[in-house]
Amino acid sequence: MSTFNEEICTEVEDFNESENLASVTIVRSNTVKLDSGKGKIVKYKVNVKVRDSQDFNTELSREDAEKIFGLYTYYGGNITARNVANEFPRFTLSEIKKIFRAFKLTKDSAWFAPHMLEEMNEEQLSNYRMSLKERAAFKYADARQERDFKNSLNKMASEINSLRDYRDFFESMLRESAENPIKFNRPPLKITKADNKKTLILFLADMHIGAKVEYGSLYPNNYDLNEVYDRLDTILQYLSKLGRFYKIVVVNGGDAIDGIDNQTARRDHYMPQSMGNKDQINNFAYAITYFFQKLIELDLAENYSYQSVVNGNHDGDTGWITSKYVATLLKMQYPNIETNVADSFFLRYDVDDFSYIISHGKI
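The rules behind these values
Residues numbered from 1 in each chain as written. Predicted model: local features only at pLDDT ≥ 70, side-chain atom pairs only at ≥ 80, totals over all residues. Heavy atoms only, no water. Helix = DSSP H or I, 4+ residues; strand = E, 2+ residues; numbered from the N terminus. Buried < 20%, exposed > 50% of the residue type's maximum accessible area, 1.4 Å probe, protein only. Contact = heavy atoms within 4.5 Å. Polar contact = N/O pair within 3.5 Å; in protein donor to acceptor, adjacent residues only side chain to side chain. Patch = residues over 30% accessible without salt bridge, like charges linked within 9 Å, V, L, I, M, F, W, Y side chains within 5 Å. Areas by Shrake-Rupley, 256 points an atom, 1.4 Å probe, with all protein chains shown as cover. Salt bridge = Lys/Arg side-chain N within 4 Å of Asp/Glu carboxyl O.

S.K.: Tell me about the environment of Lys107, and name the residues and values.
M.R.: Within the fold, Lys107 resides in the loop between helix 3 (93–103) and helix 4 (114–119). A residue is classified by how much of its surface remains accessible, and Lys107, at 26% relative accessible area, is partly exposed. Linking Lys107 and Gly76, residues 31 residues apart in sequence, is a C-alpha distance of 9.1 Å. Those residues in contact with Lys107 that sit more than four places away from it in its chain are Tyr72, Thr73, Tyr74, Asn78, Ile79 and Thr80. In this structure the side chain of Lys107 is engaged in a polar contact, spanning 3.2 Å, whose partner is the side chain of Asn78.

Next comes the structure, spelled out in structure tokens:
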């Protein structure tokens, strides 16, 4: 005579809106009773009906159930379904997922099997969970490290390919600039100037080349390349009224271009832009080259300097690369110009007894 009887613990439930049905039957002992009077759970019977295929039936011991619940759930070992399957050579990954379905087991489920809840108090469950997480952490640490290492390699490979593309782009642009000097078709500026011996530091921050100002914005602001050049001409005309300087220092304060791939450097939200990545880079470089060309043609100073600080929240590392490109263009056309592109988030520039600390944001 059998020492076991069967008690159905879950209702038969329709999963995935198909004919697949999954259920678990708890098998209890007739001879070993708990304080509640219920028979002790000794095993679990799993049945999953599969459309157009043979039903999946299996039995799980108490230890099997403890391992499945404890390893898979978030508050347990939190390992993947594939790693759970590795603990059970007799089951395929698909069969392990069928077991999950029968138990209604998800990452957010309780980490303990039903028999543990009946037989252990809160302190015992807590101690068991700590031991379980430690065992899972040690056992799967190597696997996680290998996965993280592979992910890092893939990310590095992608970044290297991207850098190669940018390198080829900048090399082609520099060759083109060397062979065909940039010419600008702009009307001449009428200026008057008087000599002075001062150094002028001019901050050109947040030019946001490529920004698209949508219709219906809070303030009307037509912003395209013509507007950029008009604003640079306005600056040139104003400078001419201040006299001829000993040195003019033009500082790119960051966010020279509006972003990359319609996103800021943080890559956390979409942002409309009026031109692509390469056009933004080229148009900023041409605008700065034009500005220095006019400064020199108008003889507004004895010496000229181009300084650039990185870490803009819109242009990020691409802004740094863009500034390097601009500095190279300027040196090619005007070898006597002083150029510096900072590698840190701030730069220091000294004029006589004064030191200027320049950064795009707060420091």
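S.K.: How would you summarise the side chain of Ser109 if you had to cite specific residues and measurements?
M.R.: Relative to the elements of secondary structure, Ser109 occurs in the loop between helix 3 and helix 4. With a relative accessible area of 15%, Ser109 lands in the buried category. A polar side-chain atom of Ser109 sits 3.5 Å from the main-chain carbonyl oxygen of Lys104. Polar side-chain contacts of Ser109 include one of 2.8 Å to the backbone nitrogen of Thr106. Discounting residues that sit within four places of it in the chain, Ser109 has contacts with Thr73 and Lys104.

S.K.: Please give an account of a nonpolar patch on the surface that cites residues and values.
M.R.: A surface patch of nonpolar side chains, amounting to about 270 Å² of accessible area, comprises Phe345, Phe346 and Ile357. If you trace the backbone, Ile357 turns up in strand 11 (residues 354–359). In this structure Ile357 comes out as partly exposed when scored by relative accessible area, which is 46%.

S.K.: A description of the environment of Val309 should follow, citing residues and the corresponding values.
M.R.: By the secondary structure assignment, Val309 is in the loop between strand 8 (301–308) and helix 8 (316–333). Taking relative accessible area as the criterion, Val309 reaches 2% and is therefore assigned buried. Each C-alpha atom, one on Val309 and one on Trp320, is 7.7 Å from the other, the two residues being eleven residues apart in sequence. Not counting chain neighbours up to four residues away, the residues in contact with Val309 comprise Asn252, Gly253, Gly254, Ala342, Ser344, Phe345, Phe346, Leu347, Ile358, Ser359 and His360.

S.K.: Help me get a handle on unusual backbone geometry, residues and values and all.
M.R.: One non-glycine residue with positive phi stands out, namely Asn78, at about 55°. Within the element layout of this structure, Asn78 appears in the loop between helix 1 (62–72) and helix 2 (81–86). Given a relative accessible area of 31%, Asn78 falls into the partly exposed group. Despite not being glycine, Asp206 has its phi angle at roughly 55°, a positive value. With respect to the helices and strands, the residue Asp206 is situated in the loop between strand 6 (199–204) and helix 6 (225–240).

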